[in-house]
Amino acid sequence: MPPLDLLIPFALASLIFACSPGPGMLYTAAQTVAHGRRAGWRAILALHLAEYVHVAAAAFGLAALLQAVPVLYTVMKIAGAAYLIWLGIRMLRANSNPFAAANEPAARPATSTFAHSLAVGVLNPKAAAFYLAFLPQFTDPSAGLPIWAQVLVLGVAVNVLFTMTDTICVLLSDRLGALLRRSQKAVRRAQKISGGILIGLGASLALSKQ
């Protein structure tokens, strides 16, 4: 493994990234507020499975291919952005059930939340670029493990930190959603806010220069 003088700055940088609200955290919060805590857990599981895909891509060189061939990166970015915007529009157009219990979130099939979240995570080329740029900085060619194995280990460590902060995000978002669900009008407003967040994330991804 890398020496301590690399691991300490790696841990500090990872902690800063984990505590900084990013697209994944906002997406998870939107799903939790709109559909409840279980949807938030499914979103976390799917997003972090996608993160491990990106870590593996960074370790084995697939992420480098995206940077070497700009067209592939752009196509992946536009596809991910369009998917986020489509999810947001669906949420905006969803009709709340006026006969549902006021304290119950809008129901959504478990496989639907998981599949949508997994697609959002995998189709995010900025995540692949992040791991490719971030993780190799803290590897040591003279260490016992090969570089690809060090990248995998460091990627797992980063994702453990991200999972912890995302878990806190779900718990706080669920409390907010419970307050909003006390009235049908607030439920509809929460859906609009959540849909707007997804559309904003999609637009931000589409318009980003990198």
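In case you missed it, the structure is sitting above this.
Residues numbered from 1 in each chain as written. Predicted model: local features only at pLDDT ≥ 70, side-chain atom pairs only at ≥ 80, totals over all residues. Heavy atoms only, no water.

## Here's the deal with the overall build of the protein chain
Helix and strand counts for the protein chain come out as nine helices and zero strands. Each helix (α) and strand (β) of the protein chain, taken in turn from the N terminus, gives the series α-α-α-α-α-α-α-α-α. Intrachain contacts of the protein chain at a sequence separation of at least 6 include 86% that bridge at least 24 residues. With the model as given, the accessible surface of the protein chain reaches about 11,000 Å², and the carbon-plus-sulfur share is 71%. (Helix = DSSP H or I, 4+ residues; strand = E, 2+ residues; numbered from the N terminus. Contact = heavy atoms within 4.5 Å. Areas by Shrake-Rupley, 256 points an atom, 1.4 Å probe, with all protein chains shown as cover.)

## Examining the packing of aromatic side chains
Across all of its chains, the model carries nine aromatic pairs by this definition. Members of the aromatic cluster, each reached through a chain of ring pairs, are Phe10, Phe17, Phe130, Tyr131, Phe134 and Phe138. (Phe/Tyr/Trp six-rings, centres within 6.5 Å; stacked < 30°, edge-to-face > 60°.)

## Here we look at the packing of helix H1 (residues 4–19) against helix H8 (residues 147–180)
Where H1 meets H8, the axes come as close as 9 Å, and the angle between the chain directions of the two elements is 35 degrees. You can see that H1 and H8 cross each other, and the crossing is right-handed. Along the contact surface, H1 presents Leu7, Phe10, Ser14, Leu15, Phe17, Ala18 and Cys19, while H8 presents Leu154, Ala157, Val158, Leu161, Phe162 and Thr165. In terms of residue class, the contact of H1 with H8 is made up of eleven nonpolar, two polar and no charged. (Axes fitted to C-alpha atoms, helices over the stretch in contact; angles between N-to-C directions. Left-handed = near helix turned anticlockwise from the far one by under 90°. Nonpolar A, V, L, I, M, F, W, Y, C, P; charged D, E, K, R; others polar.)

## Some remarks on the environment of valine 75
Tracing the chain through its elements places valine 75 in helix H5 (residues 70–93). With a relative accessible area of 53%, valine 75 lands in the exposed category. Once the C-alpha coordinates of valine 75 and proline 125 are considered, the two residues, 50 residues apart in sequence, prove to be 9.4 Å apart. (Buried < 20%, exposed > 50% of the residue type's maximum accessible area, 1.4 Å probe, protein only.)

## Comments concerning a nonpolar patch on the surface
On the surface, Leu45, Leu49, Tyr52, Val156, Val160 and Met164 cluster together into a nonpolar patch covering about 510 Å² of accessible area. Listed by contribution, the elements that provide at least two residues to the nonpolar patch are helix H3 (37–60) and H8. Residue position: leucine 45 is located in helix H3. (Patch = residues over 30% accessible without salt bridge, like charges linked within 9 Å, V, L, I, M, F, W, Y side chains within 5 Å. Salt bridge = Lys/Arg side-chain N within 4 Å of Asp/Glu carboxyl O.)

## Focus: the pattern of salt bridges
Here the idea is simple: oppositely charged side chains can pair when their charged atoms come close. Inspection of the entire model under this criterion finds one salt bridge. The residue aspartate 174 makes a salt bridge to arginine 37 at a minimum N-O spacing of 3.1 Å. Residue aspartate 174 is found in helix H8, and its partner arginine 37 is found in helix H3; the two are separated by 137 residues along the sequence. According to the relative accessible area criterion, aspartate 174 is buried, its value standing at 11%. With a relative accessible area of 37%, arginine 37 lands in the partly exposed category.

## Some words on H3
Between its terminal C-alpha atoms H3 stretches 35 Å, which fits the 34 Å expected from 24 residues at 1.5 Å a residue. Downstream of H3 by one or two residues, glycine 61 has phi in the positive range, about 90 degrees. (Expected span 1.5 Å × (residues − 1).)

## Structural notes on the side chain of glutamate 51
Position of glutamate 51 among the secondary structure elements: in helix H3. Lacking a salt bridge, the buried glutamate 51 has lysine 126 as its closest oppositely charged neighbour, with an N-O distance of 12 Å. Polar side-chain contacts of glutamate 51 include one of 2.5 Å to the side chain of tyrosine 131. If near-sequence neighbours (up to four positions away) are discounted, glutamate 51 is found in contact with Ala127, Tyr131 and Asn159. (Lys, Arg positive; Asp, Glu negative; His and termini not counted. Polar contact = N/O pair within 3.5 Å; in protein donor to acceptor, adjacent residues only side chain to side chain.)

## Remarks on the nonpolar core
Membership of the largest hydrophobic core comes to 13 residues, with the highest contact counts inside it found for Phe10, Tyr131, Phe134, Leu135 and Val158. For this core, the secondary-structure elements that each account for two or more residues are H1, H3, helix H7 (125–134) and H8. Sorting elements by how many residues they give to this core places H8 first, with four residues. Beyond its immediate stretch of four places on either side in the chain, phenylalanine 10 contacts Phe134, Leu135, Phe138, Leu154, Ala157 and Val158. Residues Tyr27, Met91, Leu198 and Leu201 belong to the second largest nonpolar core, which totals twelve residues. (Core = buried A, V, L, I, M, F, W, Y, C linked by side-chain atoms within 4.5 Å.)

Honestly, it's all geometry; don't read function into it.
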